[in-house]
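Inside the fold
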Amino acid sequence: MKIKSLITAFLLVTQLSILFAQSPKHELRSTWLTTVWRLDWPSVTVPAATGANDAERQVAIQQQKNELISIFDKLKAANMNAAFLQVRSMCDAFYQSSYEPWSAFVSANRGANPGYDPLTFAVEEAHKRGIELHAWLNPYRYSTSSTTHGELPTDYYYTHRNWLLAYDSYTKILNPGLPEVVLQIKKVVGEIVNNYDVDGVVFDDYFYAYGGTSAVLDSTAQRLYKPADKNLADWRRENVNRMIKAVYDTIQSVKPFVKFGVSPFGTWTTDQVVATKEGIMLPTGVGTTGNMYAEIYCDPIAWLKEGSVDYVSPQLYWTTYSSYPYGKLAPWWSDITNRFGKHFYSSHSISALTAASSAPALKITKSGFDQTKTHGLSTLELQAFSRKSLTKIARIPYATNFEPSEVALQVGFNRSSDVNDAPGSVFYATDKLVNTSGFISYLKQNVFTQPALTPVIGWKTSATQSLVENISLSGQHLIWTYAGNNVRFAVYAVPAENRNDVAVFADAKYLLGMAYTKEFDVPATVSASTHKIAVSVVDRYGNESSVRVLGENISTSTAAGLIFPTDNTHVLFPCLFQWNAVENADSYVWQLSRNDSFTDIVCSRDTKTPQFFSGLQTNLKNDVQYYWRVKTRKANAVDAWSDTRKVSGHKFRIIYPQNGGSGVSLTPAFEWDSVSPNAVYTLEISTSVNFEAAKQIYLQTVQTSKLTVPADKLIPSTNYYARVSISDGAVKATTETVLFTTKDVDVPVPVIASPVTGATVFGKVIELCWNQQASIGFRAELSKDATFPTRATTVKSVDAYTFCATYDGLTSGTYYLRVKAINTTGYTNPSNVISVVLNDNTDVLLPDAGLIRCFVDKSGGVSKLIINSEDAFEGKIALYSITGNCLTKKQLSVAAGQNIVALDLQNFPTGCYTLTVQTGQNIIPFKLIFN
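Before going into details, it helps to say that this report is about the structure given with it. Residue positions within a chain follow its written sequence, with the count starting from 1. Totals for whole chains, interfaces and linings use every residue, but because this is a predicted model, local features are given only for residues with pLDDT of at least 70 and side-chain atom pairs only at 80 or more, for both listing and counting. Think of the side-chain values as coming from all heavy atoms in the structure, minus any hydrogens and water.

A few points about the overall build of the chain
- Note on conventions: DSSP H or I runs of at least 4 residues are helices, E runs of at least 2 residues are strands, and numbering of each starts at the N terminus. Counting its secondary structure elements, the chain contains 15 helices and 53 strands.
- Per-residue burial over the chain gives 58% buried out of 931 residues.
- Contacts: residue pairs with any heavy atoms within 4.5 Å of one another. In the chain, 71% of the contacts between residues at least 6 apart in sequence involve partners at least 24 apart.
- Per element, the accessible surface of the chain, about 36200 Å² overall, is 51% carbon and sulfur. Burial classes follow relative accessibility: with a 1.4 Å probe on protein chains only, a residue under 20% of its type's maximum area counts as buried, one over 50% as exposed, and anything between as partly exposed. Computed by Shrake-Rupley with a 1.4 Å probe, the accessible areas treat only the displayed protein chains as cover when residues are assessed.

Considering the state of the cysteines
- Sulfur atoms of two cysteines make up a disulfide when they are within 2.5 Å. Enumeration according to the criterion identifies one disulfide in this entry.
- Paired by a disulfide, Cys769 and Cys804 hold their sulfur atoms 2.1 Å apart. Judged by the sign of its S-S torsion, about 110°, the bond between Cys769 and Cys804 is right-handed. Taken together, the positions of Cys769 in strand β40 (residues 766-770) and Cys804 in strand β43 (residues 804-807) put the pair 35 residues apart, joining distant regions of the chain.

Quick notes on helix α15 (residues 439-447)
- Every buried residue of α15 is listed here: Phe439, Ile440, Leu443 and Val447. Projected down its long axis, α15 shows its buried positions confined to an angular sector of 110°, all on one face.
- Buried residues belonging to α15 abut α2 (54-77), α13 (404-417) and α14 (430-435). This arc is taken over the directions from the axis of the helix to the C-beta atoms.

Re empty space enclosed by the protein
- The distinction between a cavity and a pocket rests on a 1 Å grid over the protein atoms alone: a 1.4 Å probe fits inside a cavity but cannot get out, while a pocket stays open yet meets protein on both sides within 12 Å along at least five of seven lines, and a residue with an atom within 4 Å of a point counts as lining. Grid points are joined across faces, edges and corners, and a volume is the space filled by probe spheres set on the points. Counted under the stated rule, the structure contains eight cavities of 30 Å³ or more.
- Its volume calculated, the largest cavity comes out at about 170 Å³.
- For the largest cavity, the lining is made up of 17 residues, of which His343, Asn420, Val456, Ser604 and Arg605 are closest to its centre.
- Sort the elements by how many residues they give to the lining of the largest cavity and strand β24 (residues 601-607) lands first, with five residues.
- Looking at side-chain class alone, the lining of the largest cavity contains six nonpolar, seven polar and four charged residues.
- Taken as a whole, the second largest cavity holds about 80 Å³ of empty space.
- Considering the residues around the second largest cavity, the lining is formed by 13 residues, among which Phe505, Ser545, Asp586, Ser587 and Arg633 are closest to the centre. Ten residue types, Ala, Val, Leu, Ile, Met, Phe, Trp, Tyr, Cys and Pro, are classed as nonpolar, four, Asp, Glu, Lys and Arg, as charged, and the remainder, Gly among them, as polar.

A short note on the environment of Ala508
- Within the secondary structure, Ala508 is located in the loop between β15 (487-495) and β16 (511-515).
- For the pair formed by Ala508 and Leu453, sequence separation is 55 residues and the distance between their alpha carbons is 8.4 Å.
- Discounting residues that sit within four places of it in the chain, Ala508 has contacts with Ser23, Pro24, Lys25, Gln450 and Pro451.

What about the packing of aromatic side chains?
- Any two rings among Phe, Tyr and Trp, with Trp reduced to its six-membered ring, count as a pair given centres within 6.5 Å; such a pair is stacked if its planes are under 30 degrees apart, edge-to-face if over 60, and tilted if neither. In this structure the tally under the stated criterion is 36 aromatic pairs.
- Taking the centre distance of 5.0 Å and the plane angle of 80° together, the rings of Tyr208 and Tyr297 count as edge-to-face. Separated by 89 residues along the polypeptide, Tyr208 in the loop between β7 (200-203) and α6 (219-225) and Tyr297 in the loop between α9 (292-295) and α10 (300-306) bring together distant segments of the chain.
- We classify Tyr208 as buried; its relative accessible area is 0%.

Thoughts on the pattern of salt bridges
- Salt bridge, as used here, is a side-chain nitrogen of Lys or Arg placed within 4 Å of a carboxyl oxygen of Asp or Glu. Per the counting criterion, the structure on display carries 30 salt bridges.
- Close ionic contact of Glu27 with Arg415 constitutes a salt bridge, the shortest N to O distance being 2.9 Å. Taken together, the residues Glu27 in the loop between α1 (9-19) and β1 (28-33) and Arg415 in helix α13 connect sequence positions 388 residues apart.
- The class for Arg415 is buried, based on a relative accessible area of 9%.
- For Asp639, the salt bridge identified is with Lys631, shortest N-O distance 3.6 Å. Pair check on accessibility: Asp639 and Lys631 agree, each one buried.

Describing the side chain of Asn719
- Structurally, Asn719 is set in strand β35 (residues 719-728).
- Judged by relative accessible area, which is 18%, Asn719 ranks as buried.
- Polar contact is defined as a pair of N or O atoms within 3.5 Å, subject to the rule that within protein one atom must be able to donate a hydrogen and the other to accept it, and that residues adjacent in sequence are counted only when both atoms are side-chain atoms. Here the side chain of Asn719 touches Thr741 through a polar contact of 2.8 Å, side chain to side chain.

Let's talk about the packing of helix α5 (residues 179-195) against helix α7 (residues 232-254)
- Axis angles are defined between N-to-C directions and span 0 to 180 degrees, where every axis is a line fitted to C-alpha atoms and, for a helix, only to the segment in contact. Packing of α5 against α7 brings their axes to within 9 Å, and their N-to-C directions diverge by 30°. Our classification of the angle between α5 and α7 gives roughly parallel. In this structure, the crossing between α5 and α7 has a hand that is right-handed. Here α5 contributes Val182, Ile185, Lys186, Val189, Gly190, Val193 and Asn194 to the contact with α7, which in turn contributes Arg242, Met243, Ala246, Val247, Thr250, Ile251 and Val254. The labels follow the angle: roughly parallel below 35 degrees, roughly antiparallel above 145, roughly perpendicular from 65 to 115, and oblique for the rest. Definitions for this section: a left-handed crossing has its near helix turned counterclockwise from the far helix by less than a right angle. A right-handed crossing has that turn clockwise.

Concerning the pairing of strand β26 (residues 626-634)
- Most of β26 sits inside the fold, with nine of its nine residues counted as buried.
- Across seven bridges, strand β23 (residues 587-593) lies against β26 in antiparallel orientation. Counted as the bridge partner of Trp590 is Val630 from β26.
- Pairs of strands are assigned from DSSP output, requiring at least two bridges between the strands. Bridging between β26 and strand β28 (residues 645-651) involves three bridges; their strand directions are antiparallel. Across the sheet, Tyr627 pairs through a bridge with Lys646, a residue of β28.
- In textbook terms, the turn of a hairpin is the stretch between consecutive antiparallel strands, and for β26 and strand β27 (residues 637-641) this stretch comprises two residues, one of which, Asn636, has a positive phi near 70°.

A word on the sheet that holds strand β34 (residues 706-708)
- With antiparallel pairing, three strands are arranged side by side in an open sheet as β29-β31-β34. Pairing within the sheet leaves two strands with one partner each, and these edge strands are β29 (654-656) and β34. For this sheet the average axis-to-axis angle between neighbouring strands, irrespective of direction, equals 25°.
- Pairing between strand β31 (residues 669-672) and β34: three bridges, direction antiparallel. Among the inter-strand pairings, Phe670 is bridged to a residue of β34, identified as Leu707.

Looking at the sheet that holds strand β19 (residues 548-549)
- Reading across from one edge, β16-β15-β18-β19 is the order of the four strands in this open sheet, with antiparallel pairing throughout. Of all strands in the sheet, those with a lone pairing partner are β16 and β19, marking the two edges.
- Where β15 lies against β16, four bridges are found, and the strand directions are antiparallel. In the sheet register, Ala490 faces β16, and the bridge partner there is Met514.

Quick word on the packing of helix α11 (residues 326-339) against α13
- Remark: α11 packs on α13, axes separated minimally by 9 Å, with the N-to-C direction vectors making an angle of 35°. The way α11 lies across α13 gives a crossing that is right-handed. Only Gln410, Phe413, Asn414 and Ser417 of α13 make contact with α11, whose side of the interface consists of Tyr326, Gly327, Ala330, Pro331 and Ser334.
- Grouping the amino acids of the contact of α11 with α13 by side-chain chemistry returns four nonpolar, five polar and no charged.

What to know about the environment of Lys444
- Turning to its location among the elements, Lys444 is positioned in helix α15.
- Note on Lys444: relative accessible area 41%, which makes it partly exposed.
- Between the C-alpha atom of Lys444 and that of Asn79, which follows or precedes it by 365 residues, the distance is 6.2 Å.
- Once you skip the residues sitting within four places of it in the chain, Lys444 turns out to touch Ala77, Ala78, Asn79 and Thr449.

A look at unusual backbone geometry
- Of note, the amide linkage connecting Phe564 to Pro565 takes the cis form, showing an omega dihedral of 0°.
- Mapped onto the elements of the fold, Pro565 is located in the loop between β20 (562-564) and β21 (569-573).
- Looking along the chain, the bond that leaves Ser754 and enters Pro755 is cis, with omega of -5°.
- Within the secondary structure, Pro755 sits in the loop between β38 (752-754) and β39 (759-762).
- Phi at Asn79 takes a positive value of approximately 60°, unusual for a residue other than glycine.
- Positionally, Asn79 belongs in the loop between α2 and β2 (82-88).
- Since its relative accessible area comes to 12%, Asn79 is described here as buried.

Examining the side chain of Thr735
- Turning to its location among the elements, Thr735 is positioned in the loop between β36 (731-734) and β37 (738-742).
- The exposure class of Thr735 is buried, given its relative accessible area of 0%.
- Not counting the four nearest positions on each side in its chain, Thr735 is found in contact with Pro574, Phe613, Phe652, Arg653, Ile654, Arg723 and Val724.

All quantities given are derived from atomic positions and should not be read as evidence of function.
Structure representation (structure tokens):
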């Protein structure tokens, strides 16, 4: 059997309690709001102007508006902060377009004006609630069936039929190989960004159609534009990449603060040869999620490498411990995006989410479903299509039903693996999110427990903002003034007694929310007498200025004095950038640029402390000249920038194991760069990328550049993070973190070591021990019934490298015991079953040894183990820690009377231990207290 990275129930609960107690200040929390076939919204279309009176049209318009308002209200109630609204699904529009007709999913007829602008309305209503609105477009899809094909004289089928690739009679896409198509998509996106106050533009995974594109389908474009020496698949990927880059450049030329992202499906590729060319290790232990690199010519690594997206939102539509383990896919994507200095916002499927009950979903019409071919759908839409049409789509690996806690666990993986201060989650589908009974409350109470600002796009140039002015509170209505435009505002309410807490405005604890206007309604529990109310400016990139606190005077800030690295030096990367703390500073921004004018920014990172570890920014290059500076944020003071320093560096690195390495030994021989003979190195291994103390597995300091991890530290088939820090006089640096996976090993059926079957145990405790072996945990079972019925069996679960389980508080009787080890299917077969007779008589009287007592004598300052026995006997003793680890064993020859046992107790810490004395078939447990 092979081990998978399974987690015991105890560890799962521990993970959840750690991960979800921390609600980050910056986190994207969004939903895919589908309009194609009116899957999420709207439930009705607006009747055509002819054949319906104006009153009927107004009723339909108001119904559409009310439904959208209801969705936004529920997102707000769950502390979510963004929505991805589908505004162009089939070369049509949910907005006033100069290029394409109104969508038949908003109006009764394609091309008919609905009587209002849905995108304008959506932006306004989202912004009223502090919610970002991202325009979701399908760049290429034209039609999927006869009902969506379009018969208007202005449709592309009539005006530019040569632009279309026809996969069948009605499934058509715009030909990605044509420059005219790229130009048209640029125009469409440019118009949206110019005319609407959207916060982002996002594409899903529909490029070339699913199911494959024959070589003859785009043969004309190949003859015109494909170089003779270019591989067809590579050429098609370049076509998509060229369009992505063109859209990104268009957005940057119009409104660079508008975020641009794409949502690929699953993993980038399943071909390790392709990945190796980019120096990337694919995630291991993951089923085949589909090779979208080859099937639909989707290459997100090329977009990240080119810098033509701000984020990717991979569709990781499986549960945490399925054959497509979310717990492996999310950390892999997080690492990849950080390597290119961009953001990862995971897309989660909640289509299989279950609850006590579900409210009715929006009614939709199945018109057009019958003839829709599945290769005309994106993977996002397939989930809803299969659910609404009751047609199972074979190409989707389906998740089984799961509880809301699975969603919480996935969000936790995003947070724990994030090194960008930019975790993100985008849920599909919206109707499942807002209509599943209790789910909105669950999110707010357990996952998104505090409001959050969206992540900072910290690699783009932005102006420093001033403070807001004239804050006033009338009842619960807060207002202020600000001279600048095109900004947003963050509002805080800090209990008066916490006003002077360190970095009080630097996290989400007291954040009330976001406002796009200069007003905000604070909760009824907040007042100027009980709270310090504050407002900061947040620009459209997400950069936040210092807060202005109601009732407090303007102050001045001091620029931080930079400490390390010194100017114009060559250091080891990654290293700890340090500066002097500024009195009463709330937080700092560490900024790195490729030029001294800071117009070519690598990153801007928030930090509460006067230092920043550059290992959290893995896109730094070897021997490249950088410039760095620090901004100080202090309440009621304009932000102050430090001076600028120049620095370059050599990347201090771990040589083995490699990042992404799999099949690593349980006793790996680590190796890293040797810096100098006097250097001191510290190796850290953790189950968390952030190396929290609670998740530290191994810590060792050495003076060599090699170290073999001892046995009993790592467990099989598990993800670990490792880093090495160096101290050599003034030289201090830390490697980039490497992620590695330990090897799978055979998991045998456990063999019980003690007690032996048929033994009589005296007292109220039975300790079950088994031979040491590989596993990531064990399940010990005790019952008075040899069949081990579920309700009459006591289970003890222990972690790896623990080979004993103790049952106490037992009464006299015959007990049966067995143990299982965790394996691929959950557990191995059980061990052999042993039976034990327990005698809870307080007089420990053995037939072959008489009355026995054990205690520790500390007279004379030396701890001695004393055994008083009524009779002489031959046997053995064993001493165990409270967790069941055997600390020492010893053969024993006991005389009648008092015996001093030669057992070294000096190095054992104070605490409670278990001592077992075995005589023949009998085992006596004693509790020993060392103090």
